[in-house]
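Tertiary structure, described
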Amino acid sequence: MSIVVQKYGGTSVADVVRIMNVARRIVATAEQGNQVCAVVSARGDTTDELLELAREISPNPPEREMDMLLSTGERISCALLAMAIDRLGGQAVSFTGSQAGIITDTVHTKARILDIRAFRVQEALDTGHIVLVAGFQGVSTDKAVTTLGRGGSDTTAVALAHALGAEVCEIYTDVDGVYTANPSVVARACKIDRISYDEMLEMAAAGAQVLALRSVEYARKYDIPIHVRSSFSDSEGTWVREDDETMELEQPIIRAVTYSTDDAKVTVRGVPDKPGVAAQVFSALADAHVNVDMIIQNVSEQGRSDISCVIAAEDGPAADRALRDIVAQLGASGYDADERVAKISVVGAGMRANPWVAAKMFSTLADLGINIDMISTSPIKISCVIEEARVEEAVRTLHTAFELDDQCVYAETPEGGAAAKPRAPAKKAAPAKKTGAAKKGAPAKSGSAAKKAAPAEKRSS
Ligand code: ADP
Ligand code: ASP
Ligand code: MG
């Protein structure tokens, strides 16, 4: 009997009808002779609503209590799903993250999984139960309830797939796979059939929220293939897995255009330009568990310079506390944070040996009159910080400029330029149907969104 690990996102369990649909899918998987462990997210916008509620009580709530609060969203959907399965005649049992043996570090609101002691889950599976696990949470080595950061149910699912020895982790969501750009912003984005861990990691880090970054890190580390698919249809989704020869042959230069508006640019002004200063600034941020993305140090004038970096906007209060002290210690002139920025990135393993990708990205932004504030690169990604108000327009224009519209394969021509290649005919026969909702939490109306989003046929030349 094989073990199947599935994860259902918030939109997939947003209301009673959807919970019953998910229950039917799970029961059907069990009836096919599988042991099923399903990880569930909080319904619809529950997590956002709980965050809002906490902020109404306090502008700076204790993080331990935030975790107590936020972890309830997943517990509710998990218990409701168990009831739904029971009503369909299945035998289900639900577990909190702690009961499922998800052991984390002690960093509240973004804990890391240290160990999975899935004995109870395994035992329940072995006694014929369908097991439901509340995603996004665990118990710390200090025995406190922790949460894993936004999107953390994906990580719960991948970690359980590894612990239970499942061959694949199925992530059911409100789109039918990973697209060349967010399909609710780029109407002509295209579903990707297969993508390597490395590329998916860069996409997730660059804001493609369809998979949480840590879930992809975990999957890559333990080589767990992820199948991202729609909970509203049976169509094949996107496979995220180790690069193999066939994938390398198909490798496009640009795989996707991604963006994030959840960042802030922080600048520490007038820091003394001498050895050890950057170390002090970034140690303070690290001590406050603030992840830093791009870093720029301006040219020094009269022995002083500015240091800027990008952080997640939600880390703003923690960064604020850390930088207040460090500015005083260094005798710097001050710091500020700008949340009206966005990060826009092009990702693709094929860009490794193609220096013109950067030039094309910058000139496309220049043609739009968009100023680039910061730039960072990896071998397979180029990211720019730009003004937030223009980011969606920039994503669409770059998607067109890199000829990703309606097709996923972008390759170099013999002349050294670039040309879009149509997909292989076999794949072209089944154009991707979009079920993408307009925004997170909104019901996915397959059909209406699909009509607006997807052209009737993919371009054939
Ligand atoms: P869930 O609640 O199921 O975890 P999420 O809202 O976290 O779902 O992730 C799915 C959403 O991610 C999609 O509705 C889509 O708007 C967004 N998204 C952003 N970038 C991409 C991308 N490149 N491919 C697919 N979806 C994307
Ligand atoms: N409910 C959490 C969130 O909204 C975790 C998740 O959905 O994966 O971020
Ligand atoms: Mg998610």
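Looking at the site of ligand 2
The local shell around ligand 2 consists of Ser41, Ala42, Thr47, Glu74, Phe136, Arg150, Gly151, Gly152 and Ser153. Thr47 has a polar side-chain atom sitting 2.7 Å from a nitrogen atom of ligand 2. Here Gly151 contributes a backbone N or O atom positioned 2.9 Å from an oxygen atom of ligand 2. Protein chains bury 92% of the 270 Å² of accessible surface belonging to ligand 2 in isolation. For the shell around ligand 2, the residue count by class is 2 nonpolar, 5 polar and 2 charged.

Considering the site of ligand 1
As a matter of local geometry, ligand 1 sits amid 18 residues, with Lys7, Thr173, Asp174, Tyr179 and Asn182 nearest to it. Within the side chain of Asn182, an N or O atom sits 3.0 Å from an oxygen atom of ligand 1. Residues of the shell around ligand 1, tallied by class, amount to 8 nonpolar, 7 polar and 3 charged.

Considerations on unusual backbone geometry
Outside of glycine, negative phi angles account for most residues, and trans bonds account for most peptide bonds. Look at Asp223: it is not a glycine, yet its phi comes out positive at around 55°. Note that Asp223 resides in the loop between α7 (213–222) and β11 (226–230). Backbone geometry at Gln302 places phi at a positive 50°, although glycine is not the residue there. Within the secondary structure, Gln302 sits in the loop between β15 (292–297) and β16 (304–312).

Let's talk about the nonpolar core
Grouped together as the largest cluster of nonpolar side chains are 45 residues, with contacts concentrated most on Val5, Val121 and Val133. Listed in part, the 27 residues of the second largest apolar core include Tyr179, Val185, Met361 and Leu365.

Observations concerning the state of the cysteines
This model, assessed by the stated rule, comprises 0 disulfides. The cysteine Cys78 is free of any disulfide, with Cys37 supplying the nearest cysteine sulfur at 9.1 Å. For Cys78, a relative accessible area of 1% corresponds to the buried category.

Parameters at a glance
- Residues numbered from 1 in each chain as written.
- Chains lettered and ligands numbered in written order.
- Predicted model: local features only at pLDDT ≥ 70, side-chain atom pairs only at ≥ 80, totals over all residues.
- Heavy atoms only, no water.
- Near = heavy atom within 4 Å.
- Polar contact = N/O pair within 3.5 Å; in protein donor to acceptor, adjacent residues only side chain to side chain.
- Areas by Shrake-Rupley, 256 points an atom, 1.4 Å probe, with all protein chains shown as cover.
- Nonpolar A, V, L, I, M, F, W, Y, C, P; charged D, E, K, R; others polar.
- Helix = DSSP H or I, 4+ residues; strand = E, 2+ residues; numbered from the N terminus.
- Core = buried A, V, L, I, M, F, W, Y, C linked by side-chain atoms within 4.5 Å.
- Buried < 20%, exposed > 50% of the residue type's maximum accessible area, 1.4 Å probe, protein only.
- Disulfide = S-S within 2.5 Å.

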